[in-house]
Amino acid sequence: MHPHVMLTTLRNASRALHPQTYIKYSKQNLSLLSLLASHGFVSSVSLGSAQNPHPLAFHDAPAPARILVTNLKYRGDRSVIGKLELISKPSKRVILDKDELARLLRGRRVKGVAGACLGEVFFVKTGNDAYLEAREAVRLGLGGEVLVKVGTQ
């Protein structure tokens with residue numbers, strides 16, 4: 001499953017200057033939102049349910065009612081998330097090896113994907129449903145499917 005719904009929700013909420021947004025729970029969404037939080041693009045991510053966004057209500061809620069409560073981050077009246085782009089799409093998957101990822105991070109175009117600029121990060125799905133930032137994947141010698149490009153500009 002691709003994170004296009006989550007990205008659209010985040011993009012729309014940040015453009016509308018909402019303090020928080022609710023995203024359907026999945027392990028993939030939780031992993032990607034955790035990466036966004038660790039890189040400073042969102043303030044926090046917590047578990048909740050559709051009826052009650054409190055974390056204790058998450059475990060009692062049925063699976064369809066489980067949500068991720070995401071607090072967005074702003075500087076003044078501008079969102080920290082400036083660019084949020086889905087790279088790998090269901091119709092065209094973008095899978096790069098470690099050398100291609102390294103070139104992408106140096107700012108070079110690889111397989112139709114524009115290289116990284118200042119303030120941008122790529123999130124990569126490596127084997128076994130593990131999600132890493134591209135620099136971490138290169139450091140570990142891993143390649144994978146480039147899912148998302150996030151930037152501050």
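Residues numbered from 1 in each chain as written. Predicted model: local features only at pLDDT ≥ 70, side-chain atom pairs only at ≥ 80, totals over all residues. Heavy atoms only, no water.

Asks: A description of the overall build of the chain should follow, citing residues and the corresponding values.
Replies: Each helix and strand counted, the chain has four helices and 10 strands in total. For the chain, the sequential pattern of α-helices and β-strands runs α-β-α-β-β-β-β-β-β-α-β-β-α-β. Over its C-alpha atoms the chain spans a radius of gyration of 16 Å, differing by no more than 12% from the 15 Å that the globule rule assigns to 153 residues. Structurally, the chain occupies a C-alpha span of about 45 × 40 × 30 Å along its principal axes. Expressed as a percentage of the 153 residues in the chain, the buried residues total 44%. Here the analysis covers contacts within the chain between residues at least 6 apart in sequence; of these, 62% occur between residues at least 24 apart. Each charge class in the chain was averaged separately, 22 positive and 11 negative side chains, and the resulting centres sit 4 Å apart. (Helix = DSSP H or I, 4+ residues; strand = E, 2+ residues; numbered from the N terminus. Rg over C-alpha atoms; globule rule 2.2 N^0.38 Å. Buried < 20%, exposed > 50% of the residue type's maximum accessible area, 1.4 Å probe, protein only. Contact = heavy atoms within 4.5 Å. Lys, Arg positive; Asp, Glu negative; His and termini not counted. Charge placed at Lys NZ, Arg CZ, Asp CG, Glu CD.)

Asks: Outline the sheet that holds strand 2 (residues 42–49), listing residues and values.
Replies: The strand order 1-3-2 describes an open sheet built from three strands, whose pairing is antiparallel. Strands with a single pairing partner mark the edges of an open sheet, and in this sheet they are strand 1 (20–24) and strand 2. Each strand of the sheet is rotated relative to its neighbour by a mean of 25°, with strand direction disregarded. Of the pairings in the sheet, the one linking strand 1 to strand 3 (residues 66–72) comprises five bridges and is antiparallel in character. By the bridge assignment, Tyr22 is partnered in strand 3 with Val69. The sheet strands contacting helix 1 (residues 4–15) are strand 1 and strand 3, and the helix crosses strand 1 at an angle near 170°. (Pairing = 2+ DSSP bridges. Axes fitted to C-alpha atoms, helices over the stretch in contact; angles between N-to-C directions.)

Asks: Break down the pattern of salt bridges for me, citing the residues and quoting the values.
Replies: All chains considered together, the criterion is met by seven salt bridges. A salt bridge links Glu136 to Arg139; the nearest nitrogen and oxygen atoms lie 2.6 Å apart. In this pair, Glu136 and Arg139 both sit in helix 4 (residues 134–140), three residues apart, roughly one turn of the helix. Residue classification places Arg139 among the exposed positions, given a relative accessible area of 59%. Through salt bridges that share partners, Lys83, Glu120 and Lys149 make up one connected network. (Salt bridge = Lys/Arg side-chain N within 4 Å of Asp/Glu carboxyl O.)

Asks: Break down the environment of Lys89 for me, citing the residues and quoting the values.
Replies: Structurally, the position occupied by Lys89 is in the loop between strand 6 (83–86) and strand 7 (95–96). A relative accessible area of 39% means that Lys89 is categorised as partly exposed. Each C-alpha atom, one on Lys89 and one on Ala102, is 21 Å from the other, the two residues being 13 residues apart in sequence. Side-chain polar atoms of Lys89 contact the backbone oxygen of Leu86, separated by 3.3 Å. (Polar contact = N/O pair within 3.5 Å; in protein donor to acceptor, adjacent residues only side chain to side chain.)

Asks: Lay out the packing of aromatic side chains in plain terms, naming residues and giving numbers.
Replies: On inspection of all chains with the given rule, the structure shows one aromatic pair. The aromatic ring of Phe58 is capped on one face by Arg66, whose charged end is 4.8 Å from the ring centroid. (Phe/Tyr/Trp six-rings, centres within 6.5 Å; stacked < 30°, edge-to-face > 60°. Lys NZ or Arg CZ within 6 Å of the ring centre and 35° of its normal.)

Asks: I'd like a rundown of helix 1, residues and numbers included.
Replies: Between its terminal C-alpha atoms helix 1 stretches 16 Å, which fits the 16 Å expected from 12 residues at 1.5 Å a residue. Along helix 1, the positions that sit buried rather than exposed are Met6, Leu7, Leu10, Ala13 and Ser14. Down the axis of helix 1, the sector holding all buried residues measures 135°, keeping them to one side. The outward face of helix 1, more than 90 degrees from its buried face, is lined by the exposed residues Val5 and Arg15. Looking one or two residues beyond helix 1, the residue adopting positive phi is Leu17, at roughly 60°. (Expected span 1.5 Å × (residues − 1). Arc of directions from axis to C-beta.)

Asks: Tell me about helix 3 (residues 98–105), and name the residues and values.
Replies: One full turn of an α-helix is made of 3.6 residues, so residues set three or four places apart face in the same direction. Here helix 3 has its buried residues at Glu100, Leu101, Ala102, Leu104 and Leu105. In this structure, the buried residues of helix 3 make contact with strand 7, strand 8 (120–126), helix 4 and strand 10 (144–151). Sitting at the amino-terminal end of helix 3 is Asp97, which places a side-chain oxygen 3.2 Å from the backbone nitrogen of Asp99. Once helix 3 ends, the next one or two residues include Gly107, with phi positive near 100°.

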